[in-house]
Every structure is written in structure tokens, then in C-alpha cells.
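# Coordinate analysis (summary)
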Amino acid sequence: MTETTSKRSDAITKGPAKAPARAMLRGAGFTDEQMAQPMVAVVNTWSTVTPCNMHLADLAEPIRQGLRENGATPVDFNTIVVSDGITMGGEGMRASLISREIIADSIELAVKGHSLDAAIILVGCDKTIPAAAMALARLDIPGLVFYGGTIMPGQLDGRDLSIQDVFEAVGAHAKGDMSDAELDKVERAACPGAGACGGQFTANTMAMALAMMGISPMGSGDPPATDAAKRVEAARCGRLAAKLAKEGTSARTFLTPASIRNAATAVVASGGSTNAVLHLPAIAAEAGFAFPIETFDELSRSVPVITDLKPGGRFLARDLYAAGGVPLFGKRLADAGMLEDTPTVTGDSLFDELARAEETPGQQVVKSPADPVKATGGLSILYGDMAPEGAVLKTAGYGAASFEGPAKVFEGEEACFAAVNANQIHAGDVVIIRYEGPSGGPGMREMLAVTAALAGQGLAGEVALITDGRFSGASHGFVIGHCSPEAAKDGPIALVETGDIIRIDTDARRIDADIDWDARRAAHTPRPPNSLGGVFDKYARLVSSAAYGATTIPPVTE
């Protein structure tokens, strides 16, 4: 951008008619020089409610310094965060996925409303990450996403802990295998400070995905939240955002079908969170193209799991960073021909970035496609009688190809959690939790409390769980989410009754049941909407199927 090149912020800073706007900016401390430079939104999801985001206010200062060093003017805004870990298992979890849309909307309004030239978005907890990419895709302005990093492991009796261990301890406590005092010790030790949940759960999955799609600088998300390298990366991201603003290189340069396919490949190969099956199609839709969920299934047939990361594996995100980080992981995939070279916000191509990867000798976290942790990828898309639009099975860390058993049907998460805690779920059961979909919930709650309690009772993989809700990235076992159409939209899942025999065939990619579907539908009485008022009802009216990303913009189908 030259001295004579127009910029978006000229709409509020140039010409006699803009004197009132300039007066307001002067009152906020902006100088003539600052108003003449590209004005870059520093959008922060900082909050003291969760360790995932509590440190982001501190990381904003080196970002501002980086912007100023490269001749841009930072303009600070904040938006919301809803903590998945804190809301899990309760009514508050209904707000989590809804917050993704609110965050994207608020970024759009603040940036477009003030005619800013670019944006750098600081993220931490799960929904803030895809929301940031969605906002940049929608606005199609220069910008990037900076991830605040993983939490360090907690320590108890010489072993590493994450929040996953706390949820599973609840299940062990309910079974009688853990005392009150032992549960209290796990709770107090698991989260030692700032940073997002420590396994390849949703936050770290999506941070990896954004690096692979080029909208986050490669390597910037890898250092843990409390590592000194994090502030160095923050300053680098500020300089890069200023460069993008001056060049006018907008987000859709990087958010393309090829780059989002790279991101999906990374999700599959890392055994990542099923939430990516919602978030990547949503980002694509905001960029103006469809990203069918079938892509995850296609990739899972040919892309192996090459990281040994929790929840299904042994290691945490801190260990991945120590091993060589996302660059090493990506290089293994690129060397095997599983990625496409695409542009990134650093100015270098993806392959150029990955070529700089450095492997720590003796590391055990990242393997290779030739010698994988698991021969096929971590996610499968199932169809069949129960899921005409699709459902998502997380396969990483669990190898069974089929499951058959009697249904135990629950109208919502709380009823199922109570049954688990009462030891009413047994090996061989197919647990069905319905009316938890995007519209029916509303909000498509995560079922980590249920899956972790089952794991704590030794039942992970011994029971199957099917829901029109979703699962946390920390969930593991034979878990199938996003069953679409959802029960509230009269999907087949609404017609299943306790005792029905359910057959899950992962090789055939089907979920079927021995049911006279026509007779059941004829006798079915639709359940009234679960009206919670306010934004919840608004979301329930607008949201699309989980098969299209559960967006509140019209679904993009081609």
C-alpha cells in the first residue's frame, strides 16, 4: 500500500465530512500519523473465566508492538468466549456452539462498522478459533489468527494430567473406584495455569487446522501459553498482519478448497476432534464454497493417524511442540504426498514452511504414514437408516469395525448421565442421546461428561453412543455424533425406542436398525421445541443441519 493508495479506513479518516469521526478518534488518542496508516483491528477473546483465554490480554501488547514496527495502527476490540470445559454437562453448554456464530458476527460488525483495513484475532478456547477464521472469510479482508497456545500438563504422583483426567475421574468416582479425596487431588492438579486444554482436543485440533490452511502463521500456535516463545510469536504475528494490510492480501487468498482439504487431512492424521467436521464446512461456507463432510471419510480411508496424542494416545500438545511441532507433523504428510502446496499468511508457501521443520532426536509423538499409529484415519462418516444426512464416528484409538446391541434411549444428556452414574449402562448397550442437535438442543451440546464417565467405569469401547449432539475433542470410545437429520427435525433418531437392535458397520459406513420405519413415523408425535428464549430461540430458527456445519448463514451445497 503506497502513500496514495486508498484504504478502507479512509472512509472514517479522510475528507471534511469525516471531521466528526476524526474528532472521536483524536479523543481516543489517535494521531494524524496513526490515522494515515493502515488501521488494524486487534480482536481479543480475552476473559478471566477460563485458563484458555486468561493470558490473551498480555499477548496483545507484543502484537501491537509488531503492528507499530511495520507501520500499522492497532485498534483494540474484545469479543466473547464461552468455556466448553466449564459449561460441560449443564445447561450452559447450549451456549458454546452458538457462541461461534456470535463471535464471528461481532468481529464482522466491529471491523466493518469502523471500516478497518485488516484484523488479527487472538483465540484460545474451542469456538473462538473457527469463529475467527469464519469472520475473516466472511469479511475477506487482510488478517490472520493467533492461537494463545496449550496449557501445560498438571502433575500428580509423577504423571501428566489434563482436563480429560478430571472428567474420567468423575466416572471412576461414581463407580466407586476413586474416593472423594482422590477425586479432589485430580481436580486440583489438572489445570496448572493459562492455556487451552492440553490434548488433541478441539482447541489444539483447530489451531493445527488453521496453520495447515495458512490463515495462522506456521509454528505460531505451537509454543505453550506460558512459554517465553509465545510473546515472540505474538510480535511476529503483529508484523505479519501489518504486512498483509499494506499488501491488501485478503483472507480468501488462503481459505480455499485446497487449503481446507489440507486442514481436514491434518485433523484425520492427528486423530483430532470431531468438532472439526462442523467447523471446516462452516469456514468454507463463509468463504463461499461447500466442503462436504464426505471429504473426512474419503481422507480417513487413505490417510493414517501418525500422532500418538490424547485422548486416544499417550501424549499432550506440549509434547508435540517438544517433538518438532505442527511443522514436523505437516512435513511427514507432505513428504508422503498427502498435502497440496498452498499460500500462507507468512508469504511463504505451505511446503516452504514445512521444509524448515526440525525433529527432536528420539521423539515418539510423531510417526510417519509408512509406520503409523493407526493405518486408517481418525474420523468416519456413517449413513444408513438412522443417519440419512450422515453421522460422525471418531475411530482414533479404537479399532472395532462393527457394533451391535440393544438401544437405551435418553431424551437429553442429563437423563443419560444420571443412568451412567447409577451404573445402569452395561457392556453391549447402544446408548442413544437425542434432542441435543443444533436446533433441538438448542446448541448441540458436547457429551464429554457422559463419555468420560463411561471411560471412568471402564466402558469406553464396550458400549456404543449415538447422539444428534456432539462430542468433545477429549471424548473417546465408540462414539458417534452429529446424527442427521436431528431428532427435532424428525430425523430417524427420533423414532428409535429402547430395546431396538442397532447395527453399526464401520466398514460399510452404516448405522441401521430392525425397525418398521413407516409404522414408527405414522405413530410418532413430534416433540415441542425446547424454547429457552432470546438468542437460543433465534439460533434454533436459523441454524442449518450439522451436515452443513450448523451455520446460521444459508448452507452452501456446491
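Above this text sits the structure in question.
Since this is a predicted model, take the numbers as computed values, not measurements. (Residues numbered from 1 in each chain as written. Predicted model: local features only at pLDDT ≥ 70, side-chain atom pairs only at ≥ 80, totals over all residues. Heavy atoms only, no water.)

## Things to note about the overall build of the chain
- Scanning the chain from terminus to terminus reveals 21 helices and 14 strands.
- For a compact globule of 558 residues, the expected C-alpha radius of gyration is about 24 Å, and the chain comes in at 23 Å, within 12% of that figure.
- Structurally, the chain occupies a C-alpha span of about 75 × 55 × 50 Å along its principal axes.
- Split into buried and exposed, the 558 residues of the chain put 62% on the buried side.
- Taking as baseline every contact in the chain between residues at least 6 positions apart, the subset at least 24 positions apart corresponds to 76%.
- Accessible area for the chain stands at about 19700 Å²; split by element, carbon and sulfur atoms hold 53% of it. (Helix = DSSP H or I, 4+ residues; strand = E, 2+ residues; numbered from the N terminus. Rg over C-alpha atoms; globule rule 2.2 N^0.38 Å. Buried < 20%, exposed > 50% of the residue type's maximum accessible area, 1.4 Å probe, protein only. Contact = heavy atoms within 4.5 Å. Areas by Shrake-Rupley, 256 points an atom, 1.4 Å probe, with all protein chains shown as cover.)

## Re the pattern of salt bridges
- Tallying each qualifying case throughout the model produces 44 salt bridges.
- Close ionic contact of arginine 332 with glutamate 359 constitutes a salt bridge, the shortest N to O distance being 2.5 Å. With arginine 332 in helix α16 (residues 325-335) and glutamate 359 in the loop between α17 (350-354) and β7 (379-382), this residue pair connects regions lying 27 residues apart in the sequence.
- Put simply, glutamate 411 and arginine 527 hold a salt bridge, and the shortest N to O gap is 3.8 Å. (Salt bridge = Lys/Arg side-chain N within 4 Å of Asp/Glu carboxyl O.)

## As for the packing of aromatic side chains
- If you walk through the whole model with that rule in mind, you get two aromatic pairs.
- Relative to phenylalanine 296, the ring of phenylalanine 291 lies with its centre 6.0 Å away and its plane at 90°, an arrangement referred to as edge-to-face.
- Relative accessible area serves as the criterion here: at 8%, phenylalanine 291 is assigned to the buried category.
- In this structure phenylalanine 296 comes out as buried when scored by relative accessible area, which is 0%.
- Summarising the aromatic geometry, the rings of phenylalanine 403 and phenylalanine 478 are spaced 5.4 Å apart at their centres and angled 55° between planes, so their arrangement reads as tilted. Of this pair, phenylalanine 403 sits in strand β9 (residues 402-410) while phenylalanine 478 sits in strand β12 (residues 478-484); the two residues are 75 residues apart in sequence, bridging distant segments of the chain. (Phe/Tyr/Trp six-rings, centres within 6.5 Å; stacked < 30°, edge-to-face > 60°.)

## Concerning empty space enclosed by the protein
- Evaluated as defined, the whole model comprises five cavities of 30 Å³ or more.
- The volume enclosed by the largest cavity comes to roughly 190 Å³.
- Lining the largest cavity are 18 residues; nearest its centre among them are Tyr147, Ala207, Gly221, Asp222 and Val326.
- Contributing elements (two or more residues each) for the lining of the largest cavity: α10 (202-212), α15 (317-323) and α16.
- For the lining of the largest cavity, the element with the most residues is α10, which contributes four residues.
- Across the lining of the largest cavity, the residue classes break down as nine nonpolar, eight polar and one charged. (1 Å grid on protein atoms, 1.4 Å probe; cavity = no way out; pocket = protein on both sides within 12 Å on 5 of 7 lines; lining within 4 Å. Points joined across faces, edges and corners; volume = space filled by probe spheres on them. Nonpolar A, V, L, I, M, F, W, Y, C, P; charged D, E, K, R; others polar.)

## Considering the pairing of strand β14 (residues 510-513)
- One ladder, built from four bridges, connects strand β13 (residues 501-505) with β14; its direction is antiparallel. Opposite arginine 503, over in β14, you have aspartate 512 as the bridge partner.
- Count of turn residues in the β13/β14 antiparallel hairpin: four residues, of which arginine 509 carries a positive phi of about 60°. (Pairing = 2+ DSSP bridges.)

## Topic: the state of the cysteines
- Enumeration over the complete set of coordinates arrives at zero disulfides.
- Here cysteine 197 is not disulfide-linked; the sulfur of cysteine 52 is the nearest cysteine sulfur, at 4.6 Å.
- Note on cysteine 197: relative accessible area 26%, which makes it partly exposed.
- Not engaged in a disulfide, the cysteine cysteine 416 finds its nearest cysteine sulfur in cysteine 483; these two sulfurs lie 15 Å apart.
- The exposure class of cysteine 416 is buried, given its relative accessible area of 1%. (Disulfide = S-S within 2.5 Å.)

## A short note on the sheet that holds β7
- If you walk across this open sheet you meet the eight strands as β7-β8-β12-β11-β10-β9-β13-β14, and the pairing is mixed. Taken across any chain shown, the strands that pair with only one partner, and hence form the sheet edges, are β7 and β14. Ignoring which end each strand starts from, the neighbouring axes of this sheet average 25° apart. (Axes fitted to C-alpha atoms, helices over the stretch in contact; angles between N-to-C directions.)

## Comments concerning the nonpolar core
- Counting 107 residues, the largest nonpolar core has Leu280, Ile283 and Phe296 as its most contacted members.
- If you tally residues by element for this core, the top one is helix α7 (residues 128-139), at nine residues.
- In this view, isoleucine 283 contacts Pro130, Ala133, Met134, Ala137, Met206, Leu210, Met213, Leu255 and Ile260; residues no more than four positions away in its chain are not counted.
- By size, the runner-up hydrophobic cluster in this structure holds 27 residues, among which are Met386, Ala387, Phe478 and Ala494. (Core = buried A, V, L, I, M, F, W, Y, C linked by side-chain atoms within 4.5 Å.)

## Details of the packing of α10 against α16
- At a minimum axis distance of 11 Å, the contact between α10 and α16 shows a crossing angle of 65°. In the crossing of α10 with α16, the sense of the turn from one axis to the other is right-handed. Each of Met208, Ala211 and Met212 in α10 lies in contact with α16, whose residues at this interface are Val326, Phe329 and Gly330. (Left-handed = near helix turned anticlockwise from the far one by under 90°.)

## Side note on the side chain of serine 96
- Note that serine 96 resides in helix α6 (residues 94-113).
- Ignoring sequence-local partners within four residues, the contact set of serine 96 consists of Val82, Asp84, Lys127 and Arg470.

## Side note on the packing of helix α18 (residues 413-421) against helix α19 (residues 448-456)
- Contact geometry for α18 and α19: axes closest at 9 Å, N-to-C directions at 15°. The orientation of α18 relative to α19 falls into the category roughly parallel. The two elements α18 and α19 cross, and the hand of that crossing is left-handed. Along its contact with α18, which presents Glu413, Cys416, Phe417 and Val420, the element α19 presents Ala449, Val450, Ala453 and Leu454.
- Across the contact of α18 with α19, the residue classes break down as seven nonpolar, no polar and one charged. (Parallel < 35°, antiparallel > 145°, perpendicular 65-115°, else oblique.)

## Let's talk about a nonpolar patch on the surface
- On the surface, Ile80, Ile102 and Val535 cluster together into a nonpolar patch covering about 200 Å² of accessible area.
- Turning to its location among the elements, valine 535 is positioned in helix α21 (residues 534-542). (Patch = residues over 30% accessible without salt bridge, like charges linked within 9 Å, V, L, I, M, F, W, Y side chains within 5 Å.)

## Topic: the sheet that holds strand β1 (residues 39-44)
- If you walk across this open sheet you meet the four strands as β2-β1-β3-β4, and the pairing is parallel. Edge positions in the open sheet fall to β2 (73-78) and β4 (143-147), since each of these has one partner strand only. Adjacent strand axes in the sheet meet at a mean angle of 20° when their direction is disregarded.
- Relative to strand β3 (residues 118-123), β1 runs parallel, the two being bridged by five bridges. Across the sheet, the residue bridging to valine 42 is isoleucine 120, located in β3.

## Looking at unusual backbone geometry
- The residue after lysine 310, namely proline 311, is reached through a cis peptide bond having omega 20°.
- By secondary structure assignment, the location of proline 311 is in the loop between α14 (294-302) and α15.
- For the bond from serine 484 to proline 485, the omega torsion is 0°, close enough to zero to count as cis.
- Among the secondary structure elements, proline 485 is positioned in the loop between β12 and β13.
- Unusually for a residue other than glycine, serine 115 sits at a positive phi of about 55°.
- In this fold, serine 115 is placed in the loop between α6 and β3.
- Taking the relative accessible area as the measure of exposure, serine 115 reaches 18% and is therefore buried.
- The phi dihedral of aspartate 140 falls on the positive side, at around 50°, and the residue is not glycine.
- For aspartate 140, the position within the fold is in the loop between α7 and β4.

All quantities given are derived from atomic positions and should not be read as evidence of function.
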